[in-house]
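Chains, contacts and geometry: an overview
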Amino acid sequence: MHMADALLSPAVGGTFYVLSGGSLALSAKKFRDQGDQSRVPLMGVLGAFVFAAQMINFSIPGTGSSGHLAGGMLLAMLLGPWAGFITLASVLVVQALFFADGGLLALGCNIWNMGFYGCIIGWLIYRAIAGKNPTRTRISISAMVGPLIALELGAFTVVLQTLASGISELPFDKFSGLMLGIHFPIAIVEGLVTMAVVNFVYQLKPELVKQSLGLSESGKEGTADYKPVLIVLLVLALLTGGALSWFASAYPDGLEWSVSKTYGKEELPGQETGIYGFLSKIQKKTAFLPDYGFKPSEPESQAEAGSSEESWPAISTGTSVSGIIGSILVLGLLVISGIVMFRLRGGKKK
Amino acid sequence: MSILDADLIDRHAYQDSVIHRLDPRAKLLATMFFIISVVSFPKYAVGELFPFFLFPMTMAIFGFVPAKLLFRQLALASPFIILVGLFNPFLDRTPVHLNSFTINAGWLSFMSILLRGALCVASAVILIATTSFPRLVDAMRFFKIPSAFAVQLMLLYRYLFVLLGEAQKINHAFLLRSGNSRPTIAIAGSALSSLLIRTINRGEAIWNAMQARGFEGDILTSQQMKWKAKDSLFLCAVLILSVLFRLFPLNQLLASLVRT
Amino acid sequence: MNLALEIADLVYVYPDGTKALNGFSCHALKGECVGIVGPSGAGKSTIALCMTGILLPQSGSIKIDGIELNKNNLKQIRSRIGLLFQNPDDQLFMPSLFDDVAFGLVQKKLNKDIIREKVEKALAQAGLAGMAHKFPGHLSGGQKRLASLAGVMVMEPEVLILDEPSANLDLKARRELIDKLSQLTNTRIILGHDLEMILDLAERVILLNNGKAIAEGEPEKILGNHQLMEENNLEVPHSLMPHQDQHHRRKYKNRK
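Residues numbered from 1 in each chain as written. Chains lettered and ligands numbered in written order. Predicted model: local features only at pLDDT ≥ 70, side-chain atom pairs only at ≥ 80, totals over all residues.

Quick look at the overall build of chain C
- When you go through chain C residue by residue, the secondary structure sums to 11 helices and 10 strands.
- For 256 residues, the compact-globule estimate of 2.2 N^0.38 gives 18 Å, and chain C sits close to it at 19 Å.
- Each of the 256 residues in chain C was classed as buried or not, and the buried ones make up 44%.
- In chain C, once contacts between residues fewer than 6 apart in sequence are set aside, the share between residues at least 24 apart is 66%. (Helix = DSSP H or I, 4+ residues; strand = E, 2+ residues; numbered from the N terminus. Rg over C-alpha atoms; globule rule 2.2 N^0.38 Å. Buried ≥ 20, exposed ≤ 12 C-beta atoms within 10 Å, placed from the backbone. Contact = placed C-beta atoms within 7 Å.)

Pasting the structure below:
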């Protein structure tokens, strides 16, 4: 799922721009270094292929809903990690601009969620499973496992990004349960289609599928055994997917349950540590922009229904009658300027 | 439908207007700054966001961007945003008093989400509808995106509609032979596989064409970008107004004027 | 040196084992227009790719303008030979017409002003003046074909190879292309199935089948030879049929 600008804060958006930008620069350099320019046109057309593939909606048996190929793992298996990442990033740029899928600020997040996990981690998985001996079976397994891990990691990161931005109210556990749960069947389907397609290519052009494995940094990359990492990741993905889905469905009145919680970041689990804590610190630091009194609510104020003026001065200012009248006036001004601009513009030029 | 709209947007980008003639770097910077200003608001900002509609409105009107197209793109982008935001009124029940009645603060943040969504999506659509993609890539090159990425963007754009056309043909072919249902995974996989092989072959043909003309390394475009006074004017206007609207909520100011 | 092109006993085998060329030989004089015809799979496209050094033959020799092609002088060879691909979409890979036509010149690192001059001239000759900033994807089939021709011609090649140049063109665009090709002075090698076009343009025809030159000679003699054509899965072009013999039309229209 693509992250949207509307749910994002500048701090989180900016952070992931840095992460994605760095990854892109690194990928570009690695791609240049290995010197094979013949894949340049292939990257271009495969990127276009991803769009074409997304247009072919197939029905998912048993659910009646439709799905389509996301393509990260496919790109990784055909192009390798660096070229694959560059290609997927380009796909996301075009999606954001031409198809209103993901926003311009959210681009950094989306490139990370889908490109890094899908192509780079995906390729690592491919290499771990099939690196020494790319048989058809191993290729198939990689095609199934890769999307599973990549999509779940991506979905989870969307949750983190949304949380850290603080615009949506969805609580961590329910949101992650939902996202991880939904992406599980999606990943299975992605895996099946990827497997079918890559196997087909393997029959007709095996060099392509094998070539992407042969790419490593100039001999420095060790022959580390990725299997343990893989198993752990796989188990985690399955656990989170399965268990949290169960969790989500075990709470029919889940929404009621979260009413008692405040929306403040201070209340969410695990927020002081790790990436989330890091992000919220950035958030606080950049919230220096004078916001004329808007403050995140204090937990205690939940109970003070009556004394809203003191504890919610900002909100009441923004939503008092005068504020509403002001907003209507702004709308009026907008309409008037719109009409004026139409007049000014005149007829259509060619 | 979205293929048609993408094509419409693309063709519109090659039209001529005041907005089209602005330097792509100015438009890109303005759009990014605009989006950042919009999303930098705290979660309950609703009325404060209204003045920001001036930017997409002005660009769309003077850029002759078709309103229906804009709204269709907005509709396309909405589902996920609405789905996530809709929980807000239920999860955030902090009471907010408006003279006579009370609503959940969650409704405010939900409306804020919708407004942000509209502003951000609109500005992105308008950017690409008034700036042809190759020119936008030129602007990105100026801002130092890796050249391998710029080349990739260019080639992807060049073959995007070609491949989309092929996908449409596949969809039509299936539709005509199956009645009106969607393909199963197996059939889709099969159709995709054949399209993929053709695509890979096409990639090889393009590589041959590049080699035949003596391809040495980079693919450079010739279009020069010339920054003019009007571009500075445009950019400054957007920056200044964005900052002003962000820091000094217009609805408050107008309200206090009305009061006095 | 009057020979623009000299190919001797060319053998090319694809990686999957298909023997596309099995001792193919031909030549072309400077300025001559030669047509190479043959059924599908005869090896026509392979010849084109070998001549530009994209495919390197297992044995045999290719001499362009007296220079023998080998993997070390590809750059030199490619500056003397231009290839018009079958599908212009494969060839027009740049975002604007100007950039596409300029591509080869840019790769040669010529001066910007010189490039501009040459490109504009080439576009004007192709009848595409004023369309320099158009996106190739927005052009019609005929325009794309002429654009890719401009992109090749701007390099001023000694030899021009055209791989099925009239494929997918409507009749007007096809006629326009034939007119343009007839005005060129470069050595032209036309590969394809459009026998009428070859009759219009070629001074000499080579019949290719199973990777070898089966026959060579005047276009009317080769293409008008019923037996030869039938044996090689081809048909005598309509214009060479005696007027009385309307067997083409009769064959389809008199079914009851």
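Details of the overall build of chain B
- Summing up its helical and strand segments, chain B has 11 helices and 2 strands in all.
- Seen in sequence order, chain B has helices and strands lined up from the N terminus as α-α-α-α-α-β-β-α-α-α-α-α-α.
- Over its C-alpha trace chain B gives a radius of gyration of 23 Å, far above what one expects of a compact globule, namely 18 Å for 260 residues.
- Its C-alpha atoms put chain B at 75 × 55 × 30 Å along the principal axes.
- Within chain B, the fraction of its 260 residues that count as buried is 52%.

Brief notes about helix α1 (residues 10-33) of chain A
- Between its first and last C-alpha atoms α1(A) spans 34 Å; for 24 residues at 1.5 Å apiece the expected length is 34 Å, and the two agree.
- At the exit of α1(A) stands A:Gly35, carrying a positive phi of roughly 70°. (Expected span 1.5 Å × (residues − 1).)

A word on the domain arrangement of chain B
Residues and elements named next belong to chain B.
- You can read the domains of chain B as domain 1 (2-140 + 228-259) and domain 2 (146-212).
- On a C-alpha basis, the centres of domain 1 and domain 2 stand 33 Å from each other.
- Listed as interface residues are 6 residues of domain 1 and, on the opposing side, 7 residues of domain 2.
- Contributions of two or more residues to the side of domain 1 that touches domain 2 are made by α1 (2-12) and α7 (133-142).
- Of all the elements, α7 adds the most residues to the side of domain 1 that touches domain 2, at 4 residues.
- Residues that form the side of domain 1 that touches domain 2 fall into these classes: 5 nonpolar, no polar and 1 charged. (Domains from an automatic or database assignment. Nonpolar A, V, L, I, M, F, W, Y, C, P; charged D, E, K, R; others polar.)

Concerning the interface of chain A and chain B
- At the interface, 102 residues of chain A touch 105 residues of chain B.
- Contributions of two or more residues to the side of chain A that touches chain B are made by α1, α2 (39-55), β1 (58-59), α4 (81-98), α7 (172-204), α10 (254-259), α13 (313-319) and α14 (321-345) of chain A.
- The dominant element in the side of chain A that touches chain B, judged by the number of residues it contributes, is α14(A), at 16 residues.
- Looking at the side of chain A that touches chain B, its residues break down into 67 nonpolar, 26 polar and 9 charged.

Quick word on unusual backbone geometry
Residue and element names in this part refer to chain C.
- Phi is positive for Lys 109, close to 65°, though the residue is something other than glycine.
- By the element assignment, Lys 109 lies in the loop between α4 (97-107) and α5 (112-125).
- If you check the backbone angles, Glu 164 has positive phi at about 50° while not being a glycine.
- Mapped onto the fold, Glu 164 is located in the loop between β7 (159-163) and α7 (171-183).

Regarding the sheet that holds strand β2 (residues 19-29) of chain C
All names here are of chain C.
- Pairing within the open sheet is antiparallel, and its 4 strands lie in the order β2-β1-β4-β5. Strands at the two margins of the open sheet, each flanked by one partner only, are β2 and β5 (67-68).
- Direction of pairing for strand β1 (residues 3-13) relative to β2: antiparallel, over a ladder of 8 bridges. Residue pairing for β2: Val 13 is matched across the bridge by Lys 19.
- Along the sheet, helix α1 (residues 44-51) makes contact with β1, β2 and β4 (59-64), crossing β2 at roughly 65°. (Pairing = 2+ DSSP bridges. Axes fitted to C-alpha atoms, helices over the stretch in contact; angles between N-to-C directions.)

Side note on the nonpolar core
- Core analysis: the biggest nonpolar cluster contains 254 residues, and A:Ile86, B:Ile128 and C:Ile161 have the highest contact counts within it.
- Setting aside chain neighbours within four positions, we find C:Ile161 in contact with C:Ala48, C:Met51, C:Ile81, C:Leu83, C:Leu84, C:Ile189 and C:Leu191. (Core = buried A, V, L, I, M, F, W, Y, C linked by C-beta atoms within 7 Å.)

Overview of the packing of α4(A) against helix α8 (residues 147-178) of chain B
- Look at α4(A) against α8(B): their axes get within 9 Å of each other, and the N-to-C directions meet at 60°. One element, α4(A), and the other, α8(B), form an angle in the oblique class. Pair α4(A) / α8(B) crosses with right-handed handedness. Contact residues: A:Ile86, A:Thr87, A:Ala89, A:Ser90, A:Val93 and A:Val94 in α4(A); B:Ala148, B:Phe149, B:Gln152, B:Leu153, B:Leu156, B:Tyr157 and B:Leu160 in α8(B).
- Of the residues belonging to the contact of α4(A) with α8(B), the class tally is 10 nonpolar, 3 polar and no charged. (Parallel < 35°, antiparallel > 145°, perpendicular 65-115°, else oblique. Left-handed = near helix turned anticlockwise from the far one by under 90°.)

Structural notes on the environment of A:Ile111
Residues and elements named next belong to chain A.
- For Ile 111, the location among the structural elements is in helix α5 (residues 107-130).
- Classification of Ile 111 as buried rests on a count of 28 C-beta atoms within 10 Å.
- Linking Ile 111 and Ser 90, residues 21 residues apart in sequence, is a C-alpha distance of 8.9 Å.
- The contact partners of Ile 111, leaving out residues within four places of it in the chain, are Ser 20, Ala 89 and Leu 92.

Considering the sheet that holds strand β8 (residues 187-191) of chain C
All names here are of chain C.
- If you walk across this open sheet you meet the 6 strands as β6-β7-β8-β3-β9-β10, and the pairing is mixed. Whereas interior strands pair on both sides, the edge strands pair on one side only; in this sheet they are β6 (81-84) and β10 (212-217). For this sheet, the mean inter-axis angle between neighbouring strands, taken without regard to orientation, is 20°.
- Where β6 meets β7, 4 bridges bridge the pair, whose relative direction is parallel. Bridge assignment links Leu 83 to a residue of β7, and that residue is Ile 161.
- The sheet contacts of α1 involve β3 (33-37), β6, β7, β8 and β9 (204-209), and relative to β7 the element is tilted by about 150°.
- Where helix α6 (residues 141-153) meets the sheet, its contacts fall on β6 and β7, and the angle it forms with β6 comes to roughly 170°.

So, the pairing of β8(C)
Residue and element names in this part refer to chain C.
- Counting buried residues in β8 gives 5 out of 5 residues, a clear majority hidden from the surface.
- Every second residue of β8 is oriented toward a common face, with Thr 187, Ile 189 and Leu 191 on one face and Arg 188 and Ile 190 on the other, all of them buried.
- Relative to β8, β3 runs parallel, the two being bridged by 4 bridges. Bridge assignment links Ile 36 to a residue of β8, and that residue is Leu 191.
- Pairing of β7 with β8 involves 5 bridges; the strand directions are parallel. Pairing of Leu 162 across the sheet is with Ile 190, part of β8.
- In terms of handedness, the path from β7 via α7 over to β8 forms a crossover that is right-handed. (Right-handed = clockwise from strand over helix to strand, strands pointing away.)

A look at the confidence of the model for chain C
- Confidence along chain C averages 89 in pLDDT terms, with 95% of residues attaining 70 or more.
- Of the two predicted TM-score estimates for the complex, the pTM is 0.83 and the ipTM is 0.93. (pLDDT = per-residue confidence, 0-100.)

Some points on α5(A)
- In the structure, α5(A) departs most strongly from a straight axis at A:Phe116, where the bend amounts to approximately 35°.
- The buried count for α5(A) comes to 22 of 24 residues, which makes it a mostly enclosed element. (Bend = angle between axes of the 7 residues up to and from the residue.)

Here's the deal with the environment of C:Leu234
All names here are of chain C.
- Relative to the assigned elements, Leu 234 resides in the loop between α10 (226-231) and α11 (247-253).
- Under the C-beta neighbour-count criterion, Leu 234 is labelled buried, with 20 such atoms within 10 Å.
- With 164 residues separating them in the primary sequence, Leu 234 and Asn 70 have C-alpha atoms 34 Å apart.
- The residues touching Leu 234, leaving out its near neighbours within four places in the chain, are Val 37, Pro 39 and Met 229.

Quick notes on the packing of α4(C) against α6(C)
Residue and element names in this part refer to chain C.
- Relative to each other, α4 and α6 sit at 35°, their axes nearing to 7 Å. For the crossing formed where α4 meets α6, the hand is right-handed. In this structure, α4 uses Leu 97, Asp 100, Val 101, Phe 103 and Gly 104 to contact α6, whose residues at the interface are Ala 147, Ala 150 and Gly 151.

A closer look at the environment of C:Arg174
All names here are of chain C.
- Positionally, Arg 174 belongs in helix α7.
- Residue classification places Arg 174 among the buried residues on the basis of 20 C-beta atoms within 10 Å.
- Residues Arg 174 and Met 197 lie 23 residues apart in sequence; the distance between their C-alpha atoms is 8.8 Å.
- Those residues in contact with Arg 174 that sit more than four places away from it in its chain are Ser 166 and Leu 169.

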